[in-house]
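Inside the fold
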Amino acid sequence: MRAAGCDTLVDTKDLAVVGISEIVSHLPKIYGCYRKLIAEADRNPPDLAVVIDSPAFNWRVARQMHKRGIPVVYYVCPQFWAWRQGRVKLLRKYIAKALVIFPFEEKFYRDRGVDATFVGHPLADLPPPRSEREAYAAENSLDASRPWITLMPGSRRKEVGMNLPSILEAAGKLGSSNQYLLPVAPTLDREFLESMVPRTPRIHYVSEALPALYHSRAGIIASGTATVEAAMMGTPFVMVYRVSGLTYMLGKPRIKVSHFAMVNLIAGEQIVPELVQQDFTAEKVVAALNEVLPYGPARDKMIEGFAMVKARLRGDGLAGRHPAERAAEAILQVAGVKISAGLQMD
């Protein structure tokens, strides 16, 4: 968006908080960002508002835009199908159009009176990285002859603090025959990760997740978008996640889905192991990974499951155009001639 000319008034890094109890300490900063954004909308009223993800923040923005007569499109809709389904009424009231990226979401929202359209998942047509394994190894001081395992503890400090220690413990138990790749998320500082990781030649910091996943034998991946990335790269993995005890206690009764991992939700069955909260132990991670690290039936079955998930994310009849193009077309339809007449799309 910045490359396309978007001026950043509020950086989403300031809103990147996970969990119920964790949000409380960040409320003053979040509210300050909210007030700043609404004040700018009053000074320079937009023709259309496109809110992306971040439901706790964005539905409040959507409400204020709606009050001002500004149509709102929600792209990457809140996962209200997973919990707090009653909040769908907020979308129905304040949103002119919902653009969803998971195939089952369109029916869920339409059945509840929301004008929703499945535009496909942005990662569904993700091409494999161009780098060769040997060149990638040389670039990152890796041994191309040894198996690599990618470690992805999350993209926010709180997530990393909760997930990384057990991931590192699992890596230690898996043995020194492997090398471990730790991508540095754009939302994190390498110094922060280094402060949590013991000095060891087996942990290698890399700048991008996708090449690491593509060239790795397997991964230990925190729940979130990274699990979809791993599936699209065809890399077997174990999904892990942990939140604070209070957040888990408050949130668990509200969860309405049978799986945590997005690939399992899309498939409608368990393709990857899910180790959440008390089940997330180093021993269980090692046991699950040892099932898919060797070439054999278990590994093949998981990779076949990824192919099915990829096909569903592409969508029937949606091939040939990137999801962002389909999203843009839908947004222009809501915006009307005033915006679309002056916009050229490559």
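Just above, that's the structure.
This part covers a nonpolar patch on the surface. A cluster of nonpolar residues, Met-1, Val-50 and Ile-52, forms a patch on the protein surface that exposes about 280 Å² of accessible area. Relative to the elements of secondary structure, Ile-52 occurs in strand 1 (residues 49–52). Classification of Ile-52 by relative accessible area gives partly exposed; the value is 34%.

Next up on the list: the pairing of strand 9 (residues 237–241). Side-chain direction in a regular strand flips from residue to residue, so the side chains alternate between the two faces of the sheet. For strand 9, a buried count of 5 out of 5 residues is recorded, marking the element as mostly surrounded by other parts of the structure. What you see with strand 9 is no split at all: Phe-237, Met-239 and Tyr-241 on one side and Val-238 and Val-240 on the other are buried throughout. Each parallel crossover has a hand, and for strand 8 (residues 218–222) linked through helix 10 (residues 225–232) to strand 9 it is right-handed. By the bridge criterion, 3 bridges tie strand 9 to strand 10 (residues 274–276) in an arrangement that is parallel. The residue of strand 10 that forms the bridge with Val-240 is Leu-275.

Mapped onto the fold, Ala-96 is located in the loop between helix 4 (88–94) and strand 3 (97–100). For Ala-96, a relative accessible area of 36% corresponds to the partly exposed category. In this structure, the C-alpha to C-alpha distance between Ala-96 and Ala-62, residues 34 residues apart in sequence, is 9.9 Å.

All of the buried residues along helix 5 (residues 103–110) are Glu-105, Phe-108 and Tyr-109. Projected down its long axis, helix 5 shows its buried positions confined to an angular sector of 90°, all on one face. Check the buried side of helix 5 and you find it contacts helix 4, strand 3 and strand 4 (116–118).

All right, on to the packing of aromatic side chains then. Within this structure, the stated rule accounts for 6 aromatic pairs. Ring geometry for Phe-102 and Phe-104: centres 6.1 Å apart, planes at 10°, overall stacked. Classification of Phe-104 as partly exposed rests on a relative accessible area of 29%. Measuring from ring centre to ring centre gives 5.7 Å for Phe-237 and Phe-306, while their planes differ by 15°; the resulting arrangement is stacked. Here Phe-237, found in strand 9, pairs with Phe-306, found in helix 14 (residues 297–314); they are 69 residues apart in sequence, far enough to count as distant. Each member of the pair, Phe-237 as well as Phe-306, is classed as buried. Cluster of aromatic residues (ring-pair linked, three or more members): Tyr-31, Tyr-34 and Phe-57.

For the rest of this paragraph, the subject is the side chain of Arg-242. Its location among the elements puts Arg-242 in the loop between strand 9 and helix 11 (245–251). Within the buried set, Arg-242 has no salt-bridge partner at all; the shortest N-O distance to an opposite charge, 7.6 Å, is to Glu-169. Within the structure, the side chain of Arg-242 is placed 3.1 Å from the backbone oxygen of Met-162, a separation counted as a polar contact. Those residues within four positions of Arg-242 in sequence are excluded, and the remaining contacts are Met-162, Asn-163, Ser-166, Gln-277 and Phe-280.

Criteria and cut-off values
- Residues numbered from 1 in each chain as written.
- Predicted model: local features only at pLDDT ≥ 70, side-chain atom pairs only at ≥ 80, totals over all residues.
- Heavy atoms only, no water.
- Patch = residues over 30% accessible without salt bridge, like charges linked within 9 Å, V, L, I, M, F, W, Y side chains within 5 Å.
- Areas by Shrake-Rupley, 256 points an atom, 1.4 Å probe, with all protein chains shown as cover.
- Salt bridge = Lys/Arg side-chain N within 4 Å of Asp/Glu carboxyl O.
- Helix = DSSP H or I, 4+ residues; strand = E, 2+ residues; numbered from the N terminus.
- Buried < 20%, exposed > 50% of the residue type's maximum accessible area, 1.4 Å probe, protein only.
- Right-handed = clockwise from strand over helix to strand, strands pointing away.
- Pairing = 2+ DSSP bridges.
- Arc of directions from axis to C-beta.
- Contact = heavy atoms within 4.5 Å.
- Phe/Tyr/Trp six-rings, centres within 6.5 Å; stacked < 30°, edge-to-face > 60°.
- Lys, Arg positive; Asp, Glu negative; His and termini not counted.
- Polar contact = N/O pair within 3.5 Å; in protein donor to acceptor, adjacent residues only side chain to side chain.

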